[in-house]
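# Working through the structure, step by step
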Amino acid sequence: ITPKSFFRARNKADEIFSQFDLDIVENNTGKTLTKQQMIELCSDVDGVIVGLDPMDEEVIRSAKNLKAISKYGVGLDNIDLKVAEELGIKVKKAEGTNTRSVAELTIGLFFALSRSIPKAVIDVKDGRWDRTIGTEIGAKVVGIIGFGAIGREVAKMSSGLEMEIMAYDPYFNDIELTRAMNVKMTNIDEILEKADFVTLHLPLNEETNKIINSKTLSKMKQTAYLVNTARGELVDEDALYEALKNGIIAGAAQDVFSQEPPDKQNKLLSLNNFILTPHIGAYTKEATERMVVISAKNLIEMLF
Ligand code: NAD
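These notes cover the structure that comes with them.

### Describing the overall build of the chain
In terms of regular secondary structure, the chain is built from 12 helices and 10 strands. Relative to the 2.2 N^0.38 estimate, which gives 19 Å for 304 residues, the radius of gyration of the chain is 21 Å and therefore close to what a compact globule would have. Put simply, the chain has 304 residues, and 47% of those count as buried. By sequence separation, contacts in the chain at least 24 residues apart represent 60% of the contacts at least 6 residues apart. Just so you have it, the chain exposes about 15900 Å², and 50% of that area is on carbon and sulfur atoms. Averaging the locations of the 37 positively and 45 negatively charged side chains of the chain gives two centres separated by 4 Å.

In structure tokens, the structure reads:
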């Protein structure tokens, strides 16, 4: 077991584990493990519950007894799925466990951007009574890229805020549902051109890496905001820096980075129209509890 926050609700997993004959090895460093640490931890295990720690080709191949990888979360980008499949190792994610939490953070970031909330807090605490004019969210267009569990939850919440909703997802074709939800399915260009808030909810893979780059950013409105609570690598961070610095778009918020934590020298951190959170999308009491239970159940199901 590797994820740090797993241990917040460890007792829930123990109830499940206690019915089986298991020897448990834990990561007790309190940190995401390095590749070398993963190789050592997994050297002997039959199954693993893994967070963001690297389960790449080398780690998987070196774990000679490995039969099951249970993802504590839903993003499988840290797991080499091809190698797992080749070796007959089962992989399961904790589907749906953190949908609401990530969607709520996403909507929170819409408000944080549109009303400059982080800057307002810092200003007043530093003795400046300096008011930045905001914009309303109601009646604005939200463009959702990736219409899976989280994308659909964001749509539901945006609808409550009386926003106009567009979505792009080449693999989603439940027309009935989108009609019922009042969501216009369209292409990525229309989203970039029309949305006031572009929000990313797609998985990271070869196809989606840097899907937001200088070309796609240049299609966005100058008044638009980009929100990324999915994966850092979906956005070309150099291109985002240029776009924010040169007023190509109005602002951006990220919960995720290609390097976590970001380097202190990361240029994005110097910009006032860039706000960030430390990968807390799924980090709520409710979501972590669900993630512990489901990832433990998934592991047992795959092993027994
Ligand atoms: P999901 O699998 O339910 O939905 C992903 C959707 O993206 C699917 O509908 C899929 O068809 C779509 N998609 C795939 N390729 C696409 C493309 N090229 N263009 C547009 N859409 C595409 O997953 P989810 O539960 O909604 O999670 C989405 C992502 O959010 C995860 O992959 C994960 O990386 C990220 N996430 C982040 C946090 C966090 O803590 N910040 C927590 C949970 C999930």
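Let us keep going from here.
### A closer look at the nonpolar core
A general feature of soluble globular proteins is that nonpolar side chains tend to end up buried together. Membership of the largest hydrophobic core comes to 31 residues, with the highest contact counts inside it found for Leu200, Leu217, Leu226 and Leu240. Put simply, the parts of the chain that give this core at least two residues each are β4 (141-145), α9 (188-194), β7 (197-200) and α11 (237-245). If you tally residues by element for this core, the top one is α11, at 5 residues. Sequence-distant contacts of Leu200, defined by excluding residues within four places in its chain, comprise Ile145, Ile212, Leu226, Val227, Asn228, Thr229, Ala230, Leu234 and Val235. Listed in part, the 27 residues of the second largest apolar core include Val142, Ile165, Ala167 and Val183.

Conventions adopted
The residue numbers shown here count from 1 along each chain, following its written sequence. Totals for whole chains, interfaces and linings use every residue, but because this is a predicted model, local features are given only for residues with pLDDT of at least 70 and side-chain atom pairs only at 80 or more, for both listing and counting. Values shown for side chains rest on all heavy atoms present in the structure; no hydrogens or waters enter the calculation. Note on conventions: DSSP H or I runs of at least 4 residues are helices, E runs of at least 2 residues are strands, and numbering of each starts at the N terminus. In this setup the radius of gyration rests on C-alpha atoms only. A globule is expected at 2.2 Å times the number of residues raised to 0.38. Accessible area is worked out with a 1.4 Å probe on protein chains only. A residue is then buried under 20% of its type maximum, exposed over 50%, and partly exposed in between. Contacts were defined at the residue level, with two residues in contact if any of their heavy atoms lie within 4.5 Å. Working definition of accessibility: Shrake-Rupley area with a 1.4 Å probe, residue cover restricted to the visible protein chains. A positive count includes Lys and Arg, and a negative count includes Asp and Glu. His and the chain ends are not counted in either. For this purpose, a charge sits on NZ of Lys, CZ of Arg, CG of Asp or CD of Glu. Residue types Ala, Val, Leu, Ile, Met, Phe, Trp, Tyr and Cys, when buried and joined through side-chain atoms within 4.5 Å, form a set referred to as a nonpolar core.

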